[in-house]
Amino acid sequence: MTIIELPGLIDPHVHLREPGATHKEDWDTGTQSALAGGITTVLAMPNTAPPIVDADALKLTLDAAAEKCRCDYGIYLGATKENVQSGLALTDRVAGMKMYLDDTYGTLEIDWRDLTTLNAHMAAWPKDMPLVCHAEERTTAAAIMTAFVNDRSVHIAHVSRKSEIDIIRAAKEKGIKVTCEVGPHHLFMSEDDFEWLAPGYREVRPRLATKADQEALWQAIADGVVDCIATDHAPHLPSEKDRENPSPGYPQLEVSLALMLRGVQEGRLTLEQLIPLMSTNIRRIFNLPEQPDTVVEVDLDAKWIVKAAEMKSRCGWSPYEGWELKGQVKKVTLRGEVAFENGEVTAPKGFGKNVAELRNK
Ligand code: DOR
Ligand code: ZN
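Since this is a predicted model, take the numbers as computed values, not measurements. (Residues numbered from 1 in each chain as written. Chains lettered and ligands numbered in written order. Predicted model: local features only at pLDDT ≥ 70, side-chain atom pairs only at ≥ 80, totals over all residues. Heavy atoms only, no water.)

Q: What's the story with the packing of helix α5 (residues 162–173) against helix α7 (residues 211–222) in this structure? I'm lost.
A: Two measures define how a pair of helices packs: the angle their axes make with one another and the distance between the axes. At a minimum axis separation of 8 Å, α5 and α7 run at an interaxial angle of 30°. With respect to α7, the axis of α5 lies roughly parallel. From α5, K162, I165 and R169 reach across to α7, where they touch D213, A216, L217, Q219 and A220. Here the contact of α5 with α7 is built from residues that sort into four nonpolar, one polar and three charged. (Axes fitted to C-alpha atoms, helices over the stretch in contact; angles between N-to-C directions. Helix = DSSP H or I, 4+ residues; strand = E, 2+ residues; numbered from the N terminus. Parallel < 35°, antiparallel > 145°, perpendicular 65-115°, else oblique. Contact = heavy atoms within 4.5 Å. Nonpolar A, V, L, I, M, F, W, Y, C, P; charged D, E, K, R; others polar.)

Here is the structure:
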């Protein structure tokens, strides 16, 4: 047994499905899943039903979150053609803005050719608040360029290809304010895995890429070009994966740390690099408040087999079913209270706090 203490991990990209699809996940099961994975803060995406694009929808999800969350949370406002100005009234309640510039799940996609809307949000959204783009290939360059000309920062979600990480690397070298995240699925799966992944289970946006793309992402992690690991936890039921038009995405909150520890075991990165990628960089980029007296205790020697049936997520499956991982979260202390221990979540519903409220204090 080798117990190490990590700071509370932060996942800046999760889909917790409330309101609208609580049969997949809700604020309760989603934040239990986070704590089981050593994650003490989640930032939730706005592609719910209704989508979080105005005050009414935001109130719906904030009320549910306040009642049910077991770890700390933040909520993104979804960008639309219509809410460039009206969204500004909501900045005190949200963690940031999310703009979808490519193929996704839900209704929030903005036409990738619509430079006017992209540039308008880049100009209007407060410069001291995070602006996250789902961008792929050419929209990555468009997001970086519009951020640059508006003298603001932009965060590129779930980078999956060499072309994208190359342009981000080059932009950083020029001093442009761009940060980015990579998901464990793009680091541990590629098109080569289509051999064993049934059709619906191959589906995720951005898609699983080539082995060469995957290598480029690992190299960018080693080089310090990648700022964060984010799960893009996207729970859907097996019945929604097995049908025609399968829903894209993977649940990953409970495996992300252990997968990244596999990266450490394989010599892809060091433990010293993992901590900023999963915590301190994220706190800085997303301007998140400190969580005092918060510790994640991990047994680096504990081997375990991924079994979705034992997980807290409601969706009931994992793309990593049967994988043997080494490194397990044993205990999570959040703001001085034991929140997870011996496989059980002990933080009560409603224990989690909205990072926007903590930030405003
Ligand atoms: O695979 C994905 N799933 N990509 C997205 O952009 C959305 C997400 C979801 O909400 O399921
Ligand atoms: Zn996502």
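Q: Is there a simple way to explain empty space enclosed by the protein in this structure?
A: Where empty space is left becomes clear once a probe the size of a water molecule has been rolled over the atoms. Taken as a whole and assessed by the stated rule, the structure comprises three cavities of 30 Å³ or more. In this model, the largest cavity occupies a volume close to 140 Å³. Lining of the largest cavity is provided by 17 residues; of these, H15, T104, Y105, R205 and D232 occupy positions nearest its centre. If you add up the space inside the second largest cavity, you get close to 90 Å³. Forming the walls of the second largest cavity are 14 residues, and the residues nearest its centre are P251, E254, M311, S313 and W317. In terms of residue class, the lining of the second largest cavity is made up of seven nonpolar, six polar and one charged. (1 Å grid on protein atoms, 1.4 Å probe; cavity = no way out; pocket = protein on both sides within 12 Å on 5 of 7 lines; lining within 4 Å. Points joined across faces, edges and corners; volume = space filled by probe spheres on them.)

Q: For this particular structure, what's the right way to read the coordination of the zinc ion (ligand 2)?
A: Every protein donor of the zinc ion (ligand 2) is accounted for by H13 (NE2), H15 (NE2) and D232 (OD), and the metal-donor separations fall at 2.0 to 2.1 Å. On the primary sequence, the residues serving as donors to the zinc ion (ligand 2) are separated as H-x1-H-x216-D. In this pair, H13 sits in strand β2 (residues 9–14) while D232 sits in the loop between β9 (228–229) and α8 (238–241), placing the two residues 219 residues apart along the sequence. Residue H13 shares its accessibility class with D232, and that shared class is buried. (Donors = N, O, S within 2.8 Å, 3.2 Å for Na, K, Ca; no water. Buried < 20%, exposed > 50% of the residue type's maximum accessible area, 1.4 Å probe, protein only.)

Q: I tried to follow the sheet that holds strand β13 (residues 344–345) on my own but got confused; where do I start?
A: Picture the strands of a sheet paired through backbone hydrogen bonds; they go either parallel or antiparallel. Sheet architecture is open: five strands sit in the order β1-β10-β11-β12-β13, paired in antiparallel fashion. Only two strands of the sheet have a single neighbouring strand rather than two, namely β1 (3–6) and β13. Here strand β11 (residues 324–334) pairs with strand β12 (residues 337–341) via four bridges, running antiparallel. By the bridge assignment for β12, K331 is matched with E341. (Pairing = 2+ DSSP bridges.)

Q: What should I look at first to understand a nonpolar patch on the surface in this one?
A: Together, M145, F148 and V149 make up a nonpolar patch on the protein surface, roughly 320 Å² of accessible area in all. What makes F148 partly exposed here is its relative accessible area of 47%. (Patch = residues over 30% accessible without salt bridge, like charges linked within 9 Å, V, L, I, M, F, W, Y side chains within 5 Å. Areas by Shrake-Rupley, 256 points an atom, 1.4 Å probe, with all protein chains shown as cover. Salt bridge = Lys/Arg side-chain N within 4 Å of Asp/Glu carboxyl O.)

Q: Would you take a moment to explain the pairing of strand β8 (residues 178–182) for this structure?
A: Along any regular strand the residues' side chains alternate between the sheet's two faces. Summarising burial for β8: five of the five residues are buried, a large majority. Across the two faces of β8 the burial is the same, with V178, C180 and V182 and T179 and E181 all buried. Summarising the sheet, strand β7 (residues 154–156) and β8 pair through three bridges and their orientation is parallel. Within β8, the position partnered with H155 by the bridge is T179.

Q: What am I meant to see in the site of ligand 1 here?
A: Taken together, the neighbourhood of ligand 1 is formed by H15, R17, N47, T104, Y105, H134, V204, R205, A234, H236, P248 and G249. Between ligand 1 and H134, the relevant distance is 3.5 Å, taken from an oxygen atom to a side-chain nitrogen or oxygen of the residue. Between ligand 1 and H236, the relevant distance is 2.8 Å, taken from an oxygen atom to a side-chain nitrogen or oxygen of the residue. Relative to its free-state accessible area of 290 Å², ligand 1 is covered by the protein chains to the extent of 99%. The cavity that encloses ligand 1 is the largest cavity. (Near = heavy atom within 4 Å. Polar contact = N/O pair within 3.5 Å; in protein donor to acceptor, adjacent residues only side chain to side chain. Sits in = over half its atoms within 2 Å of the grid points.)

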